[in-house]
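Single-letter residue listing:
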Amino acid sequence: MLQCDTSNQTLNPAEDSVNKPYRPLPSGRISLRAAIRLRWWLIPTCFILSTCYSAATLVSSVLVVAFTIWYNECRGHSQHWLVRNMLNAAGIASFQAGATLVA
């Protein structure tokens, strides 16, 4: 979830400075460059940690990353409302599946 949130918050830091100034980027606790580096380093870290549990957990992690990239970098968040909501649902379901497998 951290990599998903980090990705989302690096997408439009100006929006967060108005709506949520207490977050790390708008409050200056981390630079945009450092947050972007963190975002991309979290992906292999999550994959490595997922493999410690099971192949199914790794699949769940890969799906979370794929849906996050589709939503943020491929601009799924700005497409039709149905696409945006389906990506949100798929990402949340993948995250929950992984959390359930770990538990």
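Owing to the predicted nature of the structure, the values given are computational and were not obtained by experimental measurement.

Peer 1: Looking at this model, I keep getting lost on the overall build of the protein. Mind explaining?
Peer 2: In terms of regular secondary structure, the protein is built from six helices and zero strands. Beginning at the N terminus, the succession of helices and strands in the protein can be written as α-α-α-α-α-α. Compactness check: the protein gives a C-alpha radius of gyration of 14 Å against a globular reference of 13 Å for 103 residues, within 12% of the reference. Its C-alpha atoms give the protein principal-axis dimensions of roughly 40 × 30 × 20 Å. Within the span of the protein, comprising 103 residues, buried residues form 26% of the whole. For the protein, the proportion of contacts with a sequence separation of at least 24, taken over those separated by at least 6, is 52%. In the structure as shown, the protein presents an accessible area of about 6,600 Å², 67% of it carried by carbon and sulfur atoms. The protein carries 8 positive and 4 negative side-chain charges, and their two centres are separated by 4 Å.

Peer 1: What am I meant to see in the packing of helix α5 (residues 55-71) against helix α6 (residues 81-102) here?
Peer 2: The packing of two helices is summarised by the inter-axis angle and the distance between the axes. Direction vectors running N to C along α5 and α6 enclose 155 degrees, while the axes themselves pass 8 Å from each other. Regarding the angle of α5 to α6, the classification is roughly antiparallel. The element α5 and its partner α6 pack so that their crossing is left-handed. Where α5 approaches α6, its residues Ala56, Thr57, Ser60, Leu63, Val64, Phe67, Trp70 and Tyr71 are matched on the opposing element by Arg84, Leu87, Asn88, Ala90, Gly91, Ser94, Phe95, Ala97, Gly98, Leu101 and Val102. When its residues are assigned to classes, the contact of α5 with α6 shows 12 nonpolar, six polar and one charged.

The rules we used
Residues numbered from 1 in each chain as written. Predicted model: local features only at pLDDT ≥ 70, side-chain atom pairs only at ≥ 80, totals over all residues. Heavy atoms only, no water. Helix = DSSP H or I, 4+ residues; strand = E, 2+ residues; numbered from the N terminus. Rg over C-alpha atoms; globule rule 2.2 N^0.38 Å. Buried < 20%, exposed > 50% of the residue type's maximum accessible area, 1.4 Å probe, protein only. Contact = heavy atoms within 4.5 Å. Areas by Shrake-Rupley, 256 points an atom, 1.4 Å probe, with all protein chains shown as cover. Lys, Arg positive; Asp, Glu negative; His and termini not counted. Charge placed at Lys NZ, Arg CZ, Asp CG, Glu CD. Axes fitted to C-alpha atoms, helices over the stretch in contact; angles between N-to-C directions. Parallel < 35°, antiparallel > 145°, perpendicular 65-115°, else oblique. Left-handed = near helix turned anticlockwise from the far one by under 90°. Nonpolar A, V, L, I, M, F, W, Y, C, P; charged D, E, K, R; others polar.

Geometry only, nothing functional implied.
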